[in-house]
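Results of the structural survey
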Amino acid sequence: MAELPDVETLLDAAVSALGGARRDGQVAMAAAVDDAIAAEEHLVVQAGTGTGKSLAYLVPALHHALRTDSTVVVSTATIALQRQLIERDLPRLAEALAPLLGREPTFAILKGRRNYLCRQRLQTADDEPEDASLFDPHQLSSLGRQVKRLHEWADETITGDRDELVPGVSDLAWRQVSVSANECVGASACTFGQECFAEQARADAGGVDIVVTNHAMLAIGAMQGYQLLPDHRVLVVDEAHELADRVTSVATLALSERSVTTAAKRAARLCEEGLTGRLAETGEGLGLMFVEEEPGRIDHIPEGLAGAVASVRDAAHACMTAIRPASAEQDPETATARKLALAALEEVHDSAVGILESFEPPLRDRRDVVWLAKGGKQAPSLHLAPLAVGGLLREKLWGDRTAVLTSATLALGGSFDTLAMRWGLGRQTVLDAGEPRAAATRDRGTAPTDDPPTDTAAAGAESTNAAAAEPDHTSAGEPRWRGLDVGSPFDHARSGILYVAKHLPPPGRDGLAPSYIDEIAELIEASGGRTLGLFSSMRAATQAAEELRDRLDFEILCQGDDSTGQLVSRFADDEESCLFGTLSLWQGVDVPGPSLQLVIVDRIPFPRPDDPLASARQRSVGAHGGNGFMAVAATHAALLLAQGTGRLLRSMNDRGVVAVLDPRLATARYGGFLRSSLPPYWGTTDPDVARAALRRLSAAPVAG
């Protein structure tokens, strides 16, 4: 193969072909990714909104893949982001670079097996679900209609990918026609092995230049040892700020009466009735114990609950032992039933074992946390989650490959160390990329001032786009990595104000105080609508929407009124509307232009004090001499605040105000840490300054 052009040449060609402009941060990131791959050294890179980070890692990834005839894996946080890369970014990039590379680069998407229709499972999908008694007749009738649709779709689809079924079906219906990796009998034993959609997706991913997957797939492969992805030596983790939470979610086990009952029903045709009956009884006993217990974290398991869990463990083990080993003579239907039964039994057994074993070490030395979830429409269940996943990631993901971890939000409190420790990377080595970025060396917005802005919305100190470098603190056994902050093309200090409502009382526990409602109303009036309200709870979002609809002439949309996607579209189309909501809006809204000029945050988004996982992690850090509040609660809040406030500026012409109503951001000791995690907006605590800026923006002509 002829020698390939260098990465910078390829990047310039791609940007030109796609109608873009050269961005210094994008060039710096692409060069750093290329260097990291060549040096086989991990790279953590923060690239602010507007940098063009997708191209900045895809171009060097393709360069490496073609140069070495290998595959690079790109992992994103969600399947939606996977589709963006596969359907928009990579096709355009491949077409642009083909003349320089000598051929058009290849790519494929790979999801978990559960996302693909299983033809073998479809054969029994007309039966009632195993837990049919838990659903009302209307749900079961709807299920039947949806399963019929799936039968028809199975004859039409080429991929069997759930995302291509429009309109979609419920999770209950999809579970009737899909299997997890644990439940699959394998292509060689399955009647439909040669027609398997999941196997076809894996085959399509073999040998391509770029495979796009998601963090959950990485986690499943790491924990369960499955070879889910093609062999690869380079891994790019986009939206890396979500990696630890996604892995934790996959690693979390659950035990409920329903899961035990389902396992017993699956095993009923494969072992003695007495054994499965006993297992079902232990599930009922577990359910009775749940009634007696309060929801929340369990530090010391009550004797009765421990006995119920142990009974489930023993009964599940007896059923697993009794089920005949697989034989070559088994028909596919029996083999499928056996695999489904064993998968359910193993899940119940392993959850019970893990829960009981988690209480054996002293409280200070425990690595897992157990809690009981119950209340509302939620069926009671015990959960077991790891306090940390860094060791798992260090052992299973980072050891034998080069990783590039990137996001717009990685430097919390001006340092990458917080997230790097969660990923099992330890502390960073030095990356000499110029003068240290202001974000890493000073407290951005530490002292909000009341001087009027000189720009339409804001003015302030210039921010630099260099590296955030620290001394080499790498410990023995920790992977070597380098950190780089390439900044953002946005001039945050001239384009946005961070207004902290220092005059308001601290937020209470009984909903939004009247003074908060008044403050929100005045800001929206000044902005002429155009407001995204980010609330810490649906209760607060709903309260604000209901009260303000009676006071304001602007349309106020609230999460839950329609699908989130539809609400965001309506908000973007109507420049004078407002959209209120909670967590998914903090990270999932991209509305450039005049429809969004004010972001309101009602309170600092600390985790709930009774959140079992966060509280256990906080206690563990404190028990080992650290500051549990700063390590867990404050960093959680910093990450969400950075994501939420990042909704304001989505294009070079955007201007506006971020209004944080919680005065603690200006007055509390931890406020400086939180502010230093945010984009470097110009800061003020004067409501008149914020409202005046919003009125000027509302009256100004739209920039072209």
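Residues numbered from 1 in each chain as written. Predicted model: local features only at pLDDT ≥ 70, side-chain atom pairs only at ≥ 80, totals over all residues. Heavy atoms only, no water.

Moving on, we get to the overall build of the protein chain. Helix and strand counts for the protein chain come out as 27 helices and 18 strands. Counting across all 704 residues of the protein chain, residues that qualify as buried make up 53%. Taking as baseline every contact in the protein chain between residues at least 6 positions apart, the subset at least 24 positions apart corresponds to 79%. Summed over all atoms, the accessible surface of the protein chain reaches about 30400 Å², with 49% contributed by carbon and sulfur. (Helix = DSSP H or I, 4+ residues; strand = E, 2+ residues; numbered from the N terminus. Buried < 20%, exposed > 50% of the residue type's maximum accessible area, 1.4 Å probe, protein only. Contact = heavy atoms within 4.5 Å. Areas by Shrake-Rupley, 256 points an atom, 1.4 Å probe, with all protein chains shown as cover.)

This part is about the confidence of the model for the protein chain. Model confidence for the protein chain is summarised by a mean pLDDT of 87, while 88% of its residues fall at 70 or above. Between residues 430–474, whose pLDDT stays under 50, and residues either more than four places distant or in other chains, the model counts 125 contacts. (pLDDT = per-residue confidence, 0-100.)

The next thing to look at is empty space enclosed by the protein. This structure, assessed with the given rule, holds 4 cavities of 30 Å³ or more. Computed from the structure, the largest cavity encloses a volume of approximately 200 Å³. Looking at the largest cavity, it is lined by 19 residues, and the ones nearest its centre are Cys118, Val179, Cys184, Cys190 and Cys196. Those elements that provide at least two residues to the lining of the largest cavity are helix H5 (119–122) and helix H8 (197–205). When the residues that make up the lining of the largest cavity are grouped by side-chain class, the tally is 12 nonpolar, 4 polar and 3 charged. (1 Å grid on protein atoms, 1.4 Å probe; cavity = no way out; pocket = protein on both sides within 12 Å on 5 of 7 lines; lining within 4 Å. Points joined across faces, edges and corners; volume = space filled by probe spheres on them. Nonpolar A, V, L, I, M, F, W, Y, C, P; charged D, E, K, R; others polar.)

Strand pairs in the sheet, formed through backbone hydrogen bonds, run parallel or antiparallel to each other. Strand order in this open sheet of 4 strands is E6-E9-E8-E7, and the pairing throughout is antiparallel. Whereas interior strands pair on both sides, the edge strands pair on one side only; in this sheet they are strand E6 (253–256) and strand E7 (296–298). Neighbour-to-neighbour, the strand axes of the sheet open up by a mean angle of 30°, direction not taken into account. Pairing of E7 with strand E8 (residues 368–375) involves 3 bridges; the strand directions are antiparallel. Bridge pairing links Ile298 to Val370 in E8. (Pairing = 2+ DSSP bridges. Axes fitted to C-alpha atoms, helices over the stretch in contact; angles between N-to-C directions.)

This next bit is on the environment of Val169. The residue Val169 is located in the loop between helix H6 (137–154) and helix H7 (171–175) in this model. Spatially, the C-alpha atom of Val169 lies 8.6 Å from that of Val147, the residues being 22 residues apart in sequence. If we ignore the near neighbours within four places in the chain, the residues touching Val169 are Gln146, Arg149, Leu150, Arg162 and Trp174.

For the rest of this paragraph, the subject is helix H2 (residues 24–39). In a regular helix each residue adds 1.5 Å, so 16 residues correspond to 22 Å; H2 covers 22 Å between its end C-alpha atoms and thus fits that length. Those residues of H2 lying buried are Gly25, Gln26, Val27, Met29, Ala30, Ala32, Val33, Ala36 and Ile37. At its buried positions, H2 is contacted by helix H1 (7–17), strand E1 (42–46), helix H3 (53–68), strand E5 (234–237), strand E10 (402–407) and strand E11 (481–485). The positive-phi residue at the C-terminal boundary of H2 is Glu40, with phi of around 55°. (Expected span 1.5 Å × (residues − 1).)

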